[in-house]
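Here are the chains, one letter per residue:
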Amino acid sequence: MWLVLYKAVPAIAVYSVDTLPRNVVEQMGEQSFTLIKKIALDPSELPAEQQAKVQAHFKNMLNKLSLDQSVYRLSFYKSDSFGANAFALPHGRIVVTDDLANLLADKPNALKAVLLHEMGHVVHQHSVRITAQSAASTIVLAVVFGDLEGVAEVALGTGASFAQQGFSRDMEREADTFALTQLELLGYSSNDFADAIEALQESHTSENKHLEKVNNLLEYLSSHPSAQERIDNARK
Ligand SMILES: [Zn+2]
């Protein structure tokens, strides 16, 4: 049992991530997205002009990084629960809140850095990995009993689990590294990333009490390595 749970299960979880068909990931992501929208997101109140500007930056970066535009999609939402925030869903949809877009309105390159960080989570399939791990024990049962079709069902049913758990620190570092590397590649500076974290840190400190309420749903700053560590790393 120990071998199965501590050796076989993690191995199967990793294996299942690579074999999940694209449409399963798409369904999993859309399902989580619907749930999060219902709980915490309202239609964006950003002016169309401001949205179009960021969308253009987003598309431009996708083109330069040869990332698929049908996978990576950017949406804006107003959110009282999340405050200034951004997150990525497993299938490539990236959500930026009105508060974040406004916070970084005069620092367009810092917003690009945040978008790159979120792209990094999708590139490295972090949400899918977390979902697979949390579903792993059920997957083991499905494999033991030969019910492989059950694997897809389990993955779909637990799609929202990543939102509750947040990413591990290693995953956050991986997404940071992706953002810093691509910033340099695109001709921006890793200081833009540090600027973004500094602005986020300030905004979240001032509304800390507010943030505690949503801690369980989607931890942003608390699940990340310490803000100062990330700022120092980027500046270095
Ligand atoms: Zn992150």
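Counting from 1, residues in each chain are numbered in the order their sequence is written. Given that this is a predicted model, residues contribute local features only at a pLDDT of at least 70 and side-chain atom pairs are listed and counted only at 80 or more, while totals for whole chains, interfaces and linings are drawn from all residues. Think of the side-chain values as coming from all heavy atoms in the structure, minus any hydrogens and water.

A. Region of the structure containing the packing of helix H5 (residues 108-123) against helix H10 (residues 169-185). Here an axis means a line fitted to C-alpha atoms, over the contact stretch when the element is a helix, while the angle between two N-to-C directions is reported on a 0 to 180 degree scale. Helical segments are the DSSP runs of H or I of at least four residues, strand segments are the runs of E of at least two, and each set is numbered from the N terminus. Contact pair H5 / H10: the axes reach a minimum separation of 8 Å and the direction vectors enclose 125°. With respect to H10, the element H5 is oriented oblique. The handedness of the crossing between H5 and H10 is right-handed. Each of Ala113, Leu116, His117, Met119, Gly120, His121 and Val123 in H5 lies in contact with H10, whose residues at this interface are Met171, Glu172, Ala175, Asp176, Phe178, Ala179, Gln182 and Leu183. Side-chain classes are defined by residue name, with Ala, Val, Leu, Ile, Met, Phe, Trp, Tyr, Cys and Pro counting as nonpolar, Asp, Glu, Lys and Arg as charged, and the others, Gly among them, as polar. Broken down by class, the residue content of the contact of H5 with H10 amounts to 9 nonpolar, 4 polar and 2 charged. Convention used here: angles under 35 degrees read as roughly parallel, angles over 145 as roughly antiparallel, angles from 65 to 115 as roughly perpendicular, and any remaining angle as oblique. Note on convention: near helix rotated counterclockwise from far helix by under a right angle means a left-handed crossing. Clockwise means right-handed. Here a residue-residue contact requires only that any non-hydrogen atoms of the pair lie within 4.5 Å.

B. Structural view of the sheet that holds strand E4 (residues 93-97). Taken together, the 4 strands give an open sheet; going across it, the order is E1-E2-E4-E3, and neighbouring strands pair in mixed fashion. On the outer flanks of this sheet lie strand E1 (42-43) and strand E3 (86-88), each paired with one strand and no other. In this sheet, E4 lies alongside E3 in antiparallel orientation, the contact comprising 3 bridges. Residue pairing across strands places alanine 86 opposite valine 96, the latter belonging to E4. Its contacts with the sheet put helix H2 (residues 22-40) on E1, strand E2 (73-78), E3 and E4, and the angle it makes with E2 is roughly 15°. Here, any two strands with at least 2 DSSP bridges between them count as paired.

C. Layout of the nonpolar core. To qualify as a nonpolar core, a set must consist of buried Ala, Val, Leu, Ile, Met, Phe, Trp, Tyr and Cys residues joined through side-chain atoms within 4.5 Å. Exposure categories follow from relative accessible area, calculated using a 1.4 Å probe and restricted to protein chains: below 20% of the type maximum is buried, above 50% is exposed, and the middle band is partly exposed. If you look at the biggest cluster of nonpolar residues, it comprises 41 residues, and the most contacted ones within it are Leu100, Leu116 and Met119. Sorting elements by how many residues they give to this core places H5 first, with 8 residues. Ignoring anything within four residues of it in the chain, the contact list for leucine 116 reads Met61, Leu65, Phe178, Ala179, Gln182, Leu183 and Leu186. With 9 residues, the next largest nonpolar core counts Ala40, Leu41, Tyr77 and Leu89 among its residues.

D. Highlighting the packing of aromatic side chains. Whether two aromatic rings pair depends on their centres lying within 6.5 Å, for rings of Phe, Tyr and Trp, where Trp uses its six-membered ring; planes under 30 degrees apart make the pair stacked, over 60 edge-to-face, and the rest tilted. Here the structure, examined in full by the defined rule, presents 2 aromatic pairs. With centroids separated by 5.9 Å and ring planes inclined at 75°, the aromatic side chains of phenylalanine 33 and tyrosine 77 adopt a geometry described as edge-to-face. Note that phenylalanine 33 is positioned in helix H2 and tyrosine 77 in strand E2, a separation of 44 residues in sequence. For the pair phenylalanine 33 and tyrosine 77, a shared accessibility class is recorded, and that class is buried.

E. Molecular detail of the pairing of E2. The element E2 is extensively covered by neighbouring structure, given that 5 of its 6 residues are classed as buried. Relative to E2, E1 runs antiparallel, the two sharing 2 bridges. Following the sheet pairing, aspartate 42 is matched in E2 by lysine 78. Of the strand pairs in this sheet, E2 and E4 are connected by 5 bridges, and their pairing is parallel. Paired with serine 75 across the two strands is valine 95, which belongs to E4.

F. Highlighting the side chain of arginine 93. Along the chain, arginine 93 falls in strand E4. N or O atoms closer than or at 3.5 Å make up a polar contact, with two conditions inside protein: a donor-capable atom paired with an acceptor-capable one, and, for residues adjacent in sequence, both atoms drawn from side chains. At 3.5 Å, the side chain of arginine 93 forms a polar contact with the side chain of glutamate 30. Residues contacting arginine 93, with those up to four places away along its chain left out, are Glu30, Phe33, Val71, Arg73, Ser75, Phe87 and Ala88.

G. View of the environment of alanine 86. Checked against the element boundaries, alanine 86 lands in strand E3. Put simply, alanine 86 and histidine 117 are 31 residues apart on the chain and 9.5 Å apart in space, counted from C-alpha to C-alpha.

H. Local environment of unusual backbone geometry. Backbone geometry places serine 66, a non-glycine residue, at a positive phi of 55°. Summarising the element assignment, serine 66 is placed in the loop between helix H3 (48-64) and E2. Owing to a relative accessible area of 65%, serine 66 belongs among the exposed residues under this scheme. The residue glutamine 125 is not glycine, and still its phi comes out positive at about 55°. The exposure class of glutamine 125 is partly exposed, given its relative accessible area of 30%.

I. Looking closely at the pattern of salt bridges. Take a side-chain nitrogen of Lys or Arg and a carboxyl oxygen of Asp or Glu: if they are within 4 Å of each other, that pair is a salt bridge. Per the counting criterion, the structure on display carries 9 salt bridges. Glutamate 26 is the salt-bridge partner of arginine 73, the closest N and O atoms lying 3.1 Å from each other. Remark: glutamate 26 occurs in helix H2 and arginine 73 occurs in strand E2; sequence separation between them is 47 residues. Among the salt bridges present, the one from aspartate 195 reaches arginine 235, with a minimum N-O distance of 3.0 Å. Remark: arginine 235 occurs in helix H13 (residues 227-235) and aspartate 195 occurs in helix H11 (residues 190-206); sequence separation between them is 40 residues.

Fair warning: the whole summary comes from geometry, so function is off the table for now.
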